[in-house]
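Observations on chain architecture
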Amino acid sequence: MENTFTTQRELSLLDEKELIKRTQKGESEAFNPLVNKYRQKIYNLIYQRVHNRETAEDICQEVFLKAWKALPNFKGQSAFYSWLYKIAINCSTDFLRKQNKQSVVSWEELPSSAEEILQTTQKHLSLNQILEKKEFEYIVDEAVRQLPTGQRRVFYLRYAEELPIKDIASRLNRSEGTIKTHLHHAHRKLRDMLRPYLQNEPIGWLRTSLTGL
């Protein structure tokens, strides 16, 4: 009976789509060239997040194991590396969340309103990370300062003075719909600005160093 499986040398000459197709059909050896192609990039990505070589190696193996198991469901709607990248981010985020008592927040967990931003960030404070209360308050204050004037004014009236929407509209001589729109845009902008902080990443928009806090 003719062997339907291809040698590793022959597999290495196939393009990515063909390798994926063969793996999905049950030719497990076809997955090896994909691992060889992306292993170092995935390892580097994970190491940049966990800063430990042994841990990065373990998570890297977990990523490819999960990818191999999930490959039958891969539809090719995104690039294979983008799909693999997402798995790596999720695996490393899960690890960091467990290690740091949930001090790292994934994209999907970021809050959408100001109240949730404050509550969520307080839950993720950790003395072992840069998420300290004093620093947190400073970051939020700096982020609010950078809001457009109209959004900043409405935000302060709503959350510092705790005024209801109706009273803010009356004070500023604006419709309630306009006030709600300002708050919506302020929430969205603050969420985007606080995302790197909550994920323990560099804050590109912050001009002042945090070392003096």
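Residues numbered from 1 in each chain as written. Predicted model: local features only at pLDDT ≥ 70, side-chain atom pairs only at ≥ 80, totals over all residues. Heavy atoms only, no water.

1. Details of the nonpolar core
Grouped together as the largest cluster of nonpolar side chains are 28 residues, with contacts concentrated most on Phe31, Ile42, Ile46, Val63, Phe64, Phe80 and Leu84. In terms of residue count, helix H3 (residues 31-50) provides more of this core than any other element does, 9 residues in total. Filtering out sequence-adjacent residues up to four positions away, Ile46 remains in contact with Ala56, Ile59, Cys60, Val63, Ala88 and Ser92. Core analysis: the next-biggest nonpolar cluster, separate from the first, contains 15 residues, Tyr138, Phe155, Leu194 and Tyr197 among them. (Core = buried A, V, L, I, M, F, W, Y, C linked by side-chain atoms within 4.5 Å. Buried < 20%, exposed > 50% of the residue type's maximum accessible area, 1.4 Å probe, protein only. Helix = DSSP H or I, 4+ residues; strand = E, 2+ residues; numbered from the N terminus. Contact = heavy atoms within 4.5 Å.)

2. Some remarks on the side chain of Thr55
Examined against the element boundaries, Thr55 turns out to sit in helix H4 (residues 53-70). Each residue touching Thr55, except ones within four places of it in the same chain, is listed here: Val50 and Phe95.

3. Here's the deal with the pattern of salt bridges
Two side chains that carry opposite charge are able to pair once their charged atoms sit near each other. As enumerated under the stated definition, the model contains 9 salt bridges in all. Put simply, Glu57 and Arg39 hold a salt bridge, and the shortest N to O gap is 2.1 Å. With a gap of 18 residues between them, Glu57 in helix H4 and Arg39 in helix H3 connect regions that are remote in the sequence. On the basis of relative accessible area, Arg39 is assigned to the partly exposed category, the value being 29%. Taking the shortest distance from any N to any O, the salt bridge between Asp192 and Arg195 comes out at 2.7 Å. Linking Asp192 with Arg195, this pair stays in helix H10 (residues 176-198), spanning 3 residues, or about one helical turn. For Asp192, a relative accessible area of 38% translates into the label partly exposed. (Salt bridge = Lys/Arg side-chain N within 4 Å of Asp/Glu carboxyl O.)

4. Looking at the confidence of the model for the protein chain
In the predicted model, the protein chain carries a mean pLDDT of 77, and the fraction of residues at 70 or more is 71%. Confidence, read as mean pLDDT per element, is least for helix H6 (residues 114-123) in the protein chain (51) and greatest for H4 (93). The low-confidence segment residues 121-132, where pLDDT is below 50, has 28 contacts with residues more than four positions distant or belonging to other chains. Note that pLDDT drops below 50 for residues 209-213; the model gives that stretch 6 contacts with residues more than four away or on any other chain. (pLDDT = per-residue confidence, 0-100.)

5. Overview of the environment of Asp58
Structurally, the position occupied by Asp58 is in helix H4. C-alpha of Asp58 to C-alpha of Ile46: the two residues are 12 residues apart in sequence and 9.9 Å apart in space.

6. Quick word on the packing of aromatic side chains
Considering all chains together, one arrives at 8 aromatic pairs under this definition. Between Phe74 and Trp83, the ring centres sit 5.0 Å apart and the planes meet at 45°, which makes this aromatic pair tilted. The pair Phe74 / Trp83 is uniform in exposure class, with both members buried. Where Phe155 meets Tyr159, the ring centres are 4.8 Å apart and the plane angle is 50°; that geometry is what we call tilted. Placement of both Phe155 and Tyr159 in helix H8 (residues 149-159) is noted, with a separation of 4 residues, approximately one turn of the helix. Aromatic ring contacts, followed pair by pair, group Tyr38, Phe74, Phe80, Tyr81, Trp83 and Tyr85 into a single cluster. (Phe/Tyr/Trp six-rings, centres within 6.5 Å; stacked < 30°, edge-to-face > 60°.)

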